[in-house]
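So you can see what is in the structure, the chains are spelled out below.
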Amino acid sequence: MGRPTPELPLLALLLLLPQALRGAPCPEPCRCPPDGALSCPGPRRNLSRLSLTYLPIKVIPSQAFRGLDEVVKILIQNTKNLVYIEPGAFTNLPRLKYLSICNTGIRKLPDVTKIFSSEINFILEICDNLHITTIPGNAFQGMNNESITLKLYGNGFEEIQSHAFNGTTLISLELKENAQLEKMHNGAFQGATGPSILDISSTKLQALPSYGLESIQTLIATSSYSLKKLPSREKFTNLLAATLTYPSHCCAFRNLPTKEQNFSFSIFENFSQQCESTARKPNNGTLYSASFAESELSGWDYDDGFCPHKTLRCAPEPDAFNPCEDIMGYDFLRVLIWLINILAIMGNVTVLFVLLTSHYKLTVPRFLMCNLSFADFCMGLYLLLIASVDSQTKGQYYNHAIDWQTGSGCSVAGFFTVFASELSVYTLTVITLERWHTITYAIQLDQKLRLRHAIPIMLGGWLFSTLIAMLPLVGVSNYRKVSICLPMDIETTLSQVYILTILILNVVAFFIICACYIKIYFAVQNPQLIATNKDTKIAKKMAVLIFTDFTCMAPISFFAISAAFKVPLITVTNSKVLLVLFYPVNSCANPFLYAIFTKAFRRDFFLLLSKFGCCKHRAELYRRKDFSAYTSKWKNGFTGSNKSSQPTLKLTTLHCQYTAVPDKT
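So, a few notes on the structure that sits alongside this text.

What counts and how
- Residues numbered from 1 in each chain as written.
- Predicted model: local features only at pLDDT ≥ 70, side-chain atom pairs only at ≥ 80, totals over all residues.
- Heavy atoms only, no water.
- Salt bridge = Lys/Arg side-chain N within 4 Å of Asp/Glu carboxyl O.
- Buried < 20%, exposed > 50% of the residue type's maximum accessible area, 1.4 Å probe, protein only.
- Pairing = 2+ DSSP bridges.
- Helix = DSSP H or I, 4+ residues; strand = E, 2+ residues; numbered from the N terminus.
- Disulfide = S-S within 2.5 Å.
- Phe/Tyr/Trp six-rings, centres within 6.5 Å; stacked < 30°, edge-to-face > 60°.
- Lys NZ or Arg CZ within 6 Å of the ring centre and 35° of its normal.

## So, the pattern of salt bridges
Taken as a whole and assessed by the stated rule, the structure comprises eleven salt bridges. Arg233 is the salt-bridge partner of Glu234, the closest N and O atoms lying 4.0 Å from each other. What makes Arg233 partly exposed here is its relative accessible area of 26%. Taken together, the shared-partner salt bridges connect Asp326, Asp331, Arg334 and Asp390 into one network.

Here it is, written out as structure tokens:
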């Protein structure tokens, strides 16, 4: 026996193609003139099925099926030349149970209001008619007095008007794959009973009508990306199953009261309680009263007519990255995040204003402190955005999650936090290196770091921080994964490399700072060098300050690195505690520890206030101190120029201003 050749199916298809192009034969008793009007006069006994496919007709006129009292199914399919079905074309068809009008060229929803079918569960299928744009009001009234199923999928619908389904008892309404459907009027279901099943998958609907959702038991809305907000969950009083697009929407149906899930059974509360402990075993009439786990009851048969379903099934379920909770999962975090962001913004704005308006020369330490304050100010803006959105969406975040996480707001917040954190770490590292360099080369003035050197160094930091913050906006990880808008997406290898690179760079910066301060500590303890007691205190306090800053970042780095390797040791809910208590604390504390609590800053602050007529006496005291210090320094310099002495390390408080922790005085 020879093997069948693969050319045979292709040959058969080619033989059938001419017949398809010519069109199917016109069925009895119809007349189908090319580009003409269809006519199917009756009566016609024993005619239960009428298939009108691939016909050349252009119009189906009024009364086209008159007299076909026994027809059960009419199929009008794949008839592209058909552009118009006149009102009254389907009149008095009492036995009709199935009407399909698919893949035609009609531009208006056909009139089906005069069918007057008496069949139970009448099915109307209107599909793949790309030129129909509107479902008007009362479009199906009079079609059938019993229950009906509407399969209206794959059309060109753009709008469903008010009272569109008036006068119908809907079992199922399929609106799936109407890719242009954007608007469903709030009163679309007014005057209708049902539907029990609603399918709006793959549409552009932005909202569901708030009226008429009480009867829905099954809601299907997959790939409905424009539907970002659902009506209040109290509208879905009988909902038992939902298959949605976004996991956050399932949060709306969690802990829904049983009465709301099964409103029609609410008057039988006593019977419902009996159902909770009573089940009927398959093939056995004996009733068992006991408490069973849900898995143990999977094979048991409940009497659905008596016992209501207790659990609403919803998919997709919320994942670990988006649990069913508000942005700030705990109330105490709401209080703390407002406190911290206000302190961060106010403190850093104050530092920037005082430094930039000071009449003193802009030195390298001042310049670096300005950069650090700006970075911490950006972190405060991030916290303000998160806190504001949390306040606005409290208790209903599931309805705002998609708009927030996929919108520009979350992208802006994510950019701010990554830019701020990286610029802050970079600036802290540069400040430490500058202190180490100044102390190490204190007597070599030609080695001193000048402002012309610091500017390009910090420009590099700005470019680096901006690049790191921009990458999630162009597809390397993203800010949409979690409600707090951090780049936690590690699905791709590139995203993992991105996260690990940031964390490793931060760890490297930490070790650089530690190494520099160890050297600074030993430098001020060197017996060959003479350092004042004040200078030693400053160096030690700075070491404690920087070490404390990075110790606060250590928990975040540890848990983030473990998560980057897809071995998370902490949930998103608990990570929000780290976000508020550790992540931004430095941005809140830095302006106070580095500037506001220092004598130099207090001097500049009071001198600034004196310009507005405030604290003039205090400002005058600072001016006198500065003049005395300058006179003393000039005299010491003049007398010392004629004396030879061993190399001396002088870390004047004036030179180290804005880089020390507060003095006790």
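## A short note on the pairing of strand E3 (residues 73-79)
Note that strand E1 (residues 49-53) and E3 share five bridges and pair parallel. Each residue of the ladder has a partner; that of Leu50, found in E3, is Ile74.

## As for unusual backbone geometry
In this structure, Pro29 follows Glu28 across a cis peptide bond, with omega equal to 0°. Following the sequence through the fold, Pro29 ends up in the loop between helix H1 (7-22) and E1. Note the cis peptide between Gly194 and Pro195, where omega equals 5°. At Asn138, a residue that is not glycine, the phi angle is positive and equals roughly 55°. As for its position among the elements, Asn138 is in the loop between strand E7 (134-135) and strand E8 (147-151).

## A few points about the state of the cysteines
According to the stated counting rule, one finds six disulfides in the structure shown. Here Cys26 pairs with Cys32 through a disulfide, and the sulfurs are 1.9 Å apart. Looking along the S-S bond of the Cys26-Cys32 disulfide, the torsion reads about 60°, which is the right-handed sense. Overall, Cys26 belongs to the partly exposed group, its relative accessible area being 28%. Each sulfur of the disulfide joining Cys102 and Cys127 lies 2.0 Å from the other. Residues Cys102 and Cys127 are joined by a disulfide whose S-S torsion is about 115°; by sign, that bridge is right-handed. Pair noted here: Cys102 is in strand E5 (residues 98-104) and Cys127 is in strand E6 (residues 122-127), with a separation of 25 residues, a long-range link. A single burial state applies to Cys102 and to Cys127, both of which are buried. Here Cys514 stays unpaired: no disulfide links it, and the sulfur of Cys516, its closest cysteine neighbor, is 9.5 Å away.

## Some thoughts on the packing of aromatic side chains
On inspection of all chains with the given rule, the structure shows ten aromatic pairs. Judged by centre distance (5.6 Å) and plane angle (70°), the ring pair of Phe419 and Trp462 falls under edge-to-face. Taken together, the residues Phe419 in helix H8 (residues 408-440) and Trp462 in helix H9 (residues 451-470) connect sequence positions 43 residues apart. Accessibility expressed as a relative area gives 5% for Phe419, which makes it buried. Exposure remark for Trp462: the relative accessible area of 29% places this residue in the partly exposed category. Aromatic ring contacts, followed pair by pair, group Phe374, Phe415, Phe419 and Trp462 into a single cluster. Between Lys73 and the ring centre of Tyr98, over which it is positioned, the NZ or CZ distance is 5.2 Å. Sitting over the face of the ring of Tyr153, Lys176 holds its NZ or CZ atom 5.7 Å from the ring centroid.

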